[in-house]
Amino acid sequence: MMFISYILALFMVLSGIDPDGDNNGTIAGQIMDARNLQPLTGATIMIDGTDRGTATDREGNFLIENVPVGSYNLTIRFLGYRTVRRSNVIVNPNRTTTLEIRMEEELIEGEELEVRGDFFERPRDAIVSSHSMDFEEIRRSPGDLVDIQRAVQALPAVTSGSDQLNEIIVRGGNPGENLFVMDHIEIPNPNHFAVQGAGGGPINLLNSYMVREIDFYAGAFSARYGDKASSVMNITLRNGTGDRFRGEASMGMAGAGALFEGPISSNGSFIFSARRSYLDWIVPATGLTAIPNYYNTQGKLTFDLGSNQTLYINGVYGNDNINIEGGDQAGYGRGAENLDTKNSQYIAGATLRSLWSDRLFSFTTLSSVQNNYFVEVYDLPGRDIFFTNNSVETENTVKTDVTYLANKNIELSFGASFKDVNFQYDLVNEADTLFTYDQGQEDQVTGIYDIYPEYRVKVDVGSYKTSAYTQLTLDLLRSFRVTGGIRYDYFEYNDFSSLSPRLGFSYFLNSDTSLNLAYGRHFQSPAYNDLVANEANRNLDNKFTDQYVIGLEHIFREDLKFVVEGYYKEYDDVPVRRTLTTTDPLDFDDGTFLNAGSAEAKGIELFLQKKLINNFSGIVSYSYFESKAIDPRNNSTYNWDYDHRNMLTLISGYRVRFGGKDWYERMKSKWWFHTVSWLPFMPSDEFEISLKFRYLGGRPFTPPVYRPELREWIVDETQALNTERYPAYHRLDLRIDKWYSYRNWNFVIFFDLVNIYNNDNIWSYQYNDDGTVDEVLQFNTLPVGGVTIEF
């Protein structure tokens, strides 16, 4: 951190030579109808607390120039539409902050009704269990290290995996059940060191500084989305600036990198970023013996093609590798002691948005996504390789989504997709011998208990998936909204087809309160690596969930929202390994899976959010749930793996603006200020301190039994599953954000202190061959700092 600090101090000294001058920025954007995406002409945009404002032109565009640097709240009004509020709009020196705002027609009408609007986004597709989050909320979230997947773990529906991984686990479910969509491109796993067949990893591949907003759907989501059992994260990237070239350099947990954006023609813009890890540059200071190496690039082009058509082109590439010897570190080794892993991933796609009329629009997407995995696990000292995984998974997709507005009360959506999939696997697990040992003499072999043959998978499979859906939304009597849909999916490899009904209902008691109900059946095909693990797995069916949700949402005031929801979620046809269905704990695992799993989860969730509009922001998030599964060995019920029961998250932030205060400006003009201003509690133009406390009830586990004659830990055939629980998880995180504005420059410094009181949160236990047991801990106290220099 001292190295970063000296560089920062140098930049501050250089930029502070002429701190005066034009220290203003611009707010610009477009206002459109949320239903048909047509521009709204004459909408008014006002900066709260000032007399500054403007109105949109014929194209729905607006521009407010010469706005002093700082954070502002906006109010947007248009006759017949619900007033929209935007909080914490950041204005930087000599830069344009660009917004895209969608306005909904007001459903509730009445002579005495005051349409005041609020600061909360609402995904139009969602009836229940949805939450929108913009970039500033992602960036400011304490302990989440500017990671979009970690940020949504503050929601009551989301269970975190380990601290080391950012997996999203929803409502008692399992890893790998979340659908990631980025600008209409479906992504299997957007992470470095991705967990194959799941959705998590230690470090997100996507650059959060390119994200405009995310919409998260925690259950009973619309027919537009499919092939995932639990949830959807819809990621919308921002477009590059169209007025001038600008850039930023940053260093933080995700690496060191740069971002550039600007116009590339009169009708186009670009945004591009590149990042790489830097621990290998400072390895002596880290104390680590295994250093993760990774880099990624990401870009987006936007072209206005005229005639109401816009083209978006996205590209992402990432590469990572690590060598671990002598034990897993930070979750990169997935429990293996000695391994080499080398992975790469690319994401490419183009989306054409077409506004055919004020009643019809469509999105058409072509995309290609590929994940390359390579792992070698070996014994020391002779590097005897006993496991190898060299695999490639590719998806090439074409899809279209169409929306037709029959009238102001009837909306019809429909779409289809074709996905060409290819998976190549070369996997070898060497033959192994299970010996018997003399219990009185260490390492004295007395015989052979069993010999396990070599396990090998070598396939190159081409297949395809198809899907189609239709959805109807009705606004009835100005107080009711009903959404119904049906989705069809087919996967050629296992010859499985499904129909998934979806239904949602909202009753608007008034403009601030709604009662919401929804039902959905959601199918998910088995992971590719599970399907090819054995030829018999071609007979697997897709698992599915039936989800029922009821909720009440109330806006207490423009910046304060409360949501309570109850849900019931039932799993059927869950694939489980054949070895987990037999009574022999030492069965040879030949990769066979069976649709022998079933489970249910039910719970209640409370969510209270205070938006940042002046100084204070906060979140109270609580859920109580039970998640139980059926043991396929004997049909008994047991607590499922992520049955935490109680989850509580408390977040509080306070922001104060020192800029403009006489005493601060005098201090800021001193030469010495720039050499110490990086210290955490030194004042800044804007200063924010945030705290997050998270509590999870103990996760259930099955304690194995040690067999000294085999030097193995096993789960006995008569042993009940998940009868014990790990200690409860809890930690407190602190984050400090500091903004400094100079002429043509802007500096943002952050400090994240994860697990302040250094609680030993146990993720699991390591059961050693000699019969001893070690604790596997999650993050201890972890200080993280970062800086962004914007120009």
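Just so it is clear, the model here is predicted, and its values are computed rather than measured.

1. A closer look at the overall build of the protein chain
So, step 1. Counting its secondary structure elements, the protein chain contains seven helices and 47 strands.
So, step 2. Every one of the 791 residues in the protein chain was classed for burial, and the buried ones make up 55%.
So, step 3. Sequence separation of 24 or more characterises 65% of the internal contacts of the protein chain that already satisfy a separation of 6 or more.
So, step 4. As presented, the protein chain carries roughly 32400 Å² of accessible surface, and 55% of it is formed by carbon and sulfur atoms.

2. Examining the nonpolar core
So, step 1. One finds Ile-168, Met-182, Ile-214, Phe-216, Met-233, Ile-235 and Ile-347 to be the most contacted residues of the largest nonpolar core, which totals 31 residues.
So, step 2. The set of elements that each furnish at least two residues to this core consists of helix 3 (148–151), strand 10 (168–170), strand 11 (178–182), strand 12 (185–187), strand 15 (211–217) and strand 16 (231–237).
So, step 3. With near-sequence residues (within four places) excluded, Ile-168 lies in contact with Gln-149, Val-152, Val-158, Thr-159, Asn-174, Asn-178, Phe-180, Phe-216, Ser-231 and Met-233.
So, step 4. Formed by 19 residues, the second largest nonpolar core is a distinct cluster that contains Ile-31, Ile-64, Val-84 and Ile-101.

3. Some details on the pairing of strand 44 (residues 745–754)
So, step 1. Taking burial as the measure, the 10 residues of strand 44 include eight buried ones, the bulk of the element.
So, step 2. Here nine bridges tie strand 43 (residues 729–742) to strand 44, and the two strands are oriented antiparallel to one another. Across the sheet, residue Arg-735 finds its bridge partner in strand 44, namely Asp-752.
So, step 3. What sits between strand 43 and strand 44 in their antiparallel hairpin is a turn of two residues, with Asn-744 showing a positive phi close to 70 degrees.
So, step 4. Two elements, strand 44 and strand 47 (residues 782–790), share nine bridges in a ladder whose sense is antiparallel. In the strand pairing of strand 47, Phe-747 is matched with Ile-789.

4. Some thoughts on unusual backbone geometry
So, step 1. Backbone geometry at Asn-88 places phi at a positive 55 degrees, although glycine is not the residue there.
So, step 2. Its location among the elements puts Asn-88 in strand 6 (residues 84–91).
So, step 3. The exposure class of Asn-88 is buried, given its relative accessible area of 8%.
So, step 4. At Asn-635, a position not held by glycine, the phi torsion is positive, near 65 degrees.
So, step 5. With a relative accessible area of 62%, Asn-635 lands in the exposed category.

About the criteria used
- Residues numbered from 1 in each chain as written.
- Predicted model: local features only at pLDDT ≥ 70, side-chain atom pairs only at ≥ 80, totals over all residues.
- Heavy atoms only, no water.
- Helix = DSSP H or I, 4+ residues; strand = E, 2+ residues; numbered from the N terminus.
- Buried < 20%, exposed > 50% of the residue type's maximum accessible area, 1.4 Å probe, protein only.
- Contact = heavy atoms within 4.5 Å.
- Areas by Shrake-Rupley, 256 points an atom, 1.4 Å probe, with all protein chains shown as cover.
- Core = buried A, V, L, I, M, F, W, Y, C linked by side-chain atoms within 4.5 Å.
- Pairing = 2+ DSSP bridges.

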